[in-house]
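Structural overview for review
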Amino acid sequence: MSTNTKNTLLDRYKKLLHKIEYKEVPTVIRVNTLATTHEKVIERLKKELVELTKIPFLRNGYTTTSKRSMASMTPYMLGYYYIQETASQIPVEILNPQPGEKIIDMCAAPGGKTTQISQMMKNEGAVHAYESKKHRIDSLMNNIERMRVTNAIIFNKDVLEAKGEYDKVLLDAPCSGNLASDKEWLSKRTIEGIKENAKIQEKLLHKAINLCKEGGIVVYSTCSLEPEENEEVITNVLKLRKDTTLEDTDCSIGSSGLKIFDSKKYCENIELTKRFWPDECPTQGFFIAKIRKTKSKRKEK
Amino acid sequence: MNAKQQFLEICKLLGAKLQQDVSELIEVNGRLFSNMKEKNVYEGKCIGMKGRMFRPSILTLEQISEKTAQKVWLNAKGEFLFTCGRDAWKENITRKTAREQQLVIVLNQHEEPIGIGWYRNGKVENEYDIGDYLRRERRNR
């Protein structure tokens, strides 16, 4: 059964003219400007024999050359940087948090994006980090503490219970993942499982839009390449709402979201969303959509 | 002792006077916070955690380090041992501004505070070190 799914998935990528296989992505760090400066981290890591190369389209991202684990060095413990893959640094860049704003990170653990949001806010304003799974709260707390974040509140509860109105909303949705983390990934996935994820993602995206103020921004992202979890989620949710519009991500890498897949036509402006195909981008697989909330509906339903 | 008392204890033992209004500190599950408005699992600035002795956050460790004269500096070997939770030996110490039996802030060769220890018999006995950020997660996994 699993071989069937594996071939199904590979065939789907092939139809979209992509060949997806496991690839090693370099270790990428995000320099924590709440703790130090780019120059100091470059100098400091030189002493650990680590060379950093700036990633041009990221504000604080660098690829590293190191035979030692970047997570075992003193500068890591001091919170000078966070280990965060290239693509997963992009959603917060697109969200573009500003000091003083009120922002919600809906699925926060282990805190890579939460700490990135606080960093861009210069610790001014508030970021609300939701995480329902108790066993993931510890890593979230430790990373927030290590990264010197002082404007975060962690809520250990289901984000569907969240209340309030936010300037910006980040929904880095739980998804079926991709090959970057696991060589055996293809044989562990089923189309049914992917569709199950999509149902949850749709529910979360509706909630994200409800939590966003009029004129605010929702960024939706997954590390999945499956259209069901990406373009289809966006299409299904946005066609039910009159208070949203897709916006250009202004991101210089990646390709447009799919307009059509398996004879399913996706919503208007879907090409403004971004897909990061690992066979053409220096990243893992990823999908990002930027949604503007245009006007609030007075009543739900 | 609760976390706040432990925090005051290490500040006193290190002779560090911090500009911190202690009355506004709130403890939640052994973690001490300032700027906490409502009782959440985590909010605002984490001062540190309750332990055998207080385990300061990196922000607090740096603040104490600026306010104390009781310090010991370690070489790279000593830094490695210490951040693995071990004691540092006499030969690992490159400089000290502390007397025997004092609690000290431990620094590496880059002037970065890496923990707290007891300076005893020429050695530094590990009381807390920032390698805990890595070990905590392994412990809790």
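Residues numbered from 1 in each chain as written. Chains lettered and ligands numbered in written order. Predicted model: local features only at pLDDT ≥ 70, side-chain atom pairs only at ≥ 80, totals over all residues. Heavy atoms only, no water.

**A few points about the sheet that holds strand S5 (residues 55-56) of chain B**
Residues and elements named next belong to chain B.
- What the 4 strands build is an open sheet, ordered S1-S2-S4-S5; its pairing is antiparallel. Looking at the sheet topology across the chains shown, the edges are occupied by strand S1 (26-28) and S5.
- In this sheet, strand S2 (residues 31-34) lies alongside S1 in antiparallel orientation, the contact comprising 3 bridges. Residue pairing across strands places Ile26 opposite Phe33, the latter belonging to S2.
- In the packing of helix H2 (residues 58-67) onto the sheet, contacts are made with strand S4 (45-49) and S5, and the angle to S4 comes to roughly 80°. (Pairing = 2+ DSSP bridges. Helix = DSSP H or I, 4+ residues; strand = E, 2+ residues; numbered from the N terminus. Contact = heavy atoms within 4.5 Å. Axes fitted to C-alpha atoms, helices over the stretch in contact; angles between N-to-C directions.)

**A short note on the interface of chain A and chain B**
- With 26 residues of chain A at the interface, the matching set in chain B holds 26 residues.
- Where chain A meets chain B, there are 4 salt bridges.
- When the shortest N-O distance is used, the salt bridge between A:Glu145 and B:Arg136 registers 3.4 Å.
- Between chain A and chain B we count 13 residue pairs in polar contact (both at pLDDT 80 or more) in total.
- For the side of chain A that touches chain B, the elements supplying multiple residues, two or more each, are helix H3 (74-77), helix H6 (134-146) and strand S7 (152-155) of chain A.
- Per element, the largest residue contribution to the side of chain A that touches chain B is 8 residues, and it comes from H6(A).
- Looking at side-chain class alone, the side of chain A that touches chain B contains 12 nonpolar, 7 polar and 7 charged residues. (Salt bridge = Lys/Arg side-chain N within 4 Å of Asp/Glu carboxyl O. Polar contact = N/O pair within 3.5 Å; in protein donor to acceptor, adjacent residues only side chain to side chain. Nonpolar A, V, L, I, M, F, W, Y, C, P; charged D, E, K, R; others polar.)

**Description of the sheet that holds strand S4 (residues 81-83) of chain A**
Residue and element names in this part refer to chain A.
- Pairing is antiparallel in the open sheet, where 4 strands are placed in the order S2-S3-S1-S4. With partners counted over all chains shown, the strands left at the sheet margins are strand S2 (51-54) and S4, one partner each. Taken over all neighbouring pairs, the strand axes of this sheet differ in orientation by 35° on average, direction set aside.
- Note: strand S1 (residues 28-31) against strand S3 (residues 61-65), 3 bridges, orientation antiparallel. The residue of S3 that forms the bridge with Arg30 is Gly61.
- Across the sheet, helix H2 (residues 38-46) is in contact with S1, S2, S3 and S4; its angle to S2 comes to roughly 150°.

**Describing the pairing of strand S10 (residues 123-129) of chain B**
Residue and element names in this part refer to chain B.
- With 5 of 7 residues buried, S10 is to be regarded as a mostly interior element.
- For strand S9 (residues 113-120) and S10, the ladder comprises 6 bridges, and the chain directions are antiparallel. Counted as the bridge partner of Trp118 is Glu125 from S10.
- Between S9 and S10, which follow one another and run antiparallel, lie 2 residues, and Asn121 among them has a positive phi close to 50°. (Buried < 20%, exposed > 50% of the residue type's maximum accessible area, 1.4 Å probe, protein only.)

**Some thoughts on unusual backbone geometry**
Residues and elements named next belong to chain A.
- In the segment running from Ala109 into Pro110, the intervening peptide bond is cis, with an omega of 0°.
- For Pro110, the location among the structural elements is in the loop between strand S5 (102-105) and helix H5 (112-120).
- Of note in this structure, Asp250 is not a glycine but carries a positive phi near 50°.
- The exposure class of Asp250 is exposed, given its relative accessible area of 66%.

**Observations regarding the domain arrangement of chain B**
All names here are of chain B.
- Examined at the domain level, chain B breaks down into domain 1 (3-65) and domain 2 (69-135).
- One C-alpha centre belongs to domain 1, the other to domain 2; they are set 21 Å apart.
- Each partner contributes residues to the interface: domain 1 has 14 residues there, and domain 2 has 17 residues.
- Across the domain 1/domain 2 interface, buried area totals approximately 1300 Å², and carbon plus sulfur atoms make up 65% of it.
- Of all residues in domain 1, Leu14, Leu61 and Ser65 bury the most surface against domain 2, accounting for 42% of the area lost on that side.
- The interface formed by domain 1 and domain 2 includes 5 residue pairs in polar contact (both at pLDDT 80 or more). (Domains from an automatic or database assignment. Buried area = accessible area lost by both parts, 1.4 Å probe.)

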